[in-house]
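Residue strings, one per chain:
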Amino acid sequence: MTKGHTRALFSGLVWRVKPIANVLVPRGCIVCGKTTDTTVCADCRTTLHYIQEPYCTRCGKPFTTGSGVSHVCYDCIKGKNAFMLARAVFEYNGAAIRLIHRFKFGDQVNLAAFFSDELLMLYEVYFAGLGIDAILPVPLSPRRLKHRSYNQSHLISTGLSRSLSIPVLSSVLVKIKETQPQSRLRARQRQDNVKGAYEITDRQALRGKSVLLIDDVITTGATVNACTRSLLRAGAHQVYVMAIALRV
Ligand SMILES: [Zn+2]
Ligand SMILES: [Zn+2]
């Protein structure tokens, strides 16, 4: 990684604070604009689909049958996923898509608190007691970070860190390769796209640690698996994953 990359990365991690009146006070439902006291109005909440059982007990992907009991899925049995456990809050459909798009591409950084609260509940159910030492956001490339001026996963990680008193290691895992947006690629292309894209800058900080990786959307798992493999190769003891949404 060049010095220029490093500078861009670090400058981007400190996300630029916007005028407080524009950021902290929701004028209405962030999805439909209707006047409401909450971030998402009651009507839009009905199109937010929380992931429910039955799902894979390892990767958290819901089973399309919608009935029966949770168990380990075929992909996890075949060793597709390198992480120990993954869970997401919402199915990636309905209002979840619009919310995440506004958060990622629409400068709606105030949504970080909403998502952090949702992830905190998930953490309490599945991750509390696992001995997690550090929280790591999935990084953006320096160019993407410069363009967007904030990393949405870093914002959520900071909120979680405050609530859980677990530190965020924001510069240990970095993205060194400019990749195409995963959303435009097929499953096999996604794996190739992120191959060699992530690098560890401080192996000592990871050695023997159990870490929680934070991403916005898990689609095929290519991104979180690429990050997980880099972390494990660098000496992390265990990698867990939490995301806002998972594509079903
Ligand atoms: Zn609404
Ligand atoms: Zn699975």
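Residues numbered from 1 in each chain as written. Chains lettered and ligands numbered in written order. Predicted model: local features only at pLDDT ≥ 70, side-chain atom pairs only at ≥ 80, totals over all residues. Heavy atoms only, no water.

Q: Before we go on, may I ask you to explain the pattern of salt bridges in this structure?
A: Pairs can form between side chains of opposite charge whenever their charged atoms are close. Applying the stated rule across the entire model yields five salt bridges. A salt bridge links R45 to E118; its shortest N-O distance comes to 3.5 Å. Of this pair, R45 sits in helix α3 (residues 42–45) while E118 is found in helix α6 (residues 111–126), placing the two residues 73 residues apart along the sequence. Take E118: its relative accessible area is 8%, and that puts it in the buried class. Here K80 ties to D75 by a salt bridge, and the two come within 3.7 Å at their closest N and O atoms. (Salt bridge = Lys/Arg side-chain N within 4 Å of Asp/Glu carboxyl O. Helix = DSSP H or I, 4+ residues; strand = E, 2+ residues; numbered from the N terminus. Buried < 20%, exposed > 50% of the residue type's maximum accessible area, 1.4 Å probe, protein only.)

Q: Could you clarify how one ought to interpret the environment of T65 in this entry?
A: Mapped onto the fold, T65 is located in the loop between α3 and α4 (74–77). The spacing of T65 and Y55 is 10 residues in sequence and 9.8 Å in space, taken between C-alpha atoms.

Q: Can you help me understand unusual backbone geometry in this one?
A: Only a minority of non-glycine residues have a phi that is not negative, and only a minority of peptide bonds are not trans. Cis peptide bonds are those with omega within 30 degrees of zero, and the linkage from E53 to P54 qualifies with 5°. Note on placement: P54 falls in the loop between α3 and α4. A positive phi is found at D107, a non-glycine position, where the angle reads about 60°. The topology assignment puts D107 in the loop between α5 (94–105) and α6. Judged by relative accessible area, D107 falls into the partly exposed class, the value being 39%. Although it is not a glycine, S165 adopts a positive phi angle of roughly 55°. With respect to the helices and strands, the residue S165 is situated in the loop between α8 (152–164) and β3 (173–175).

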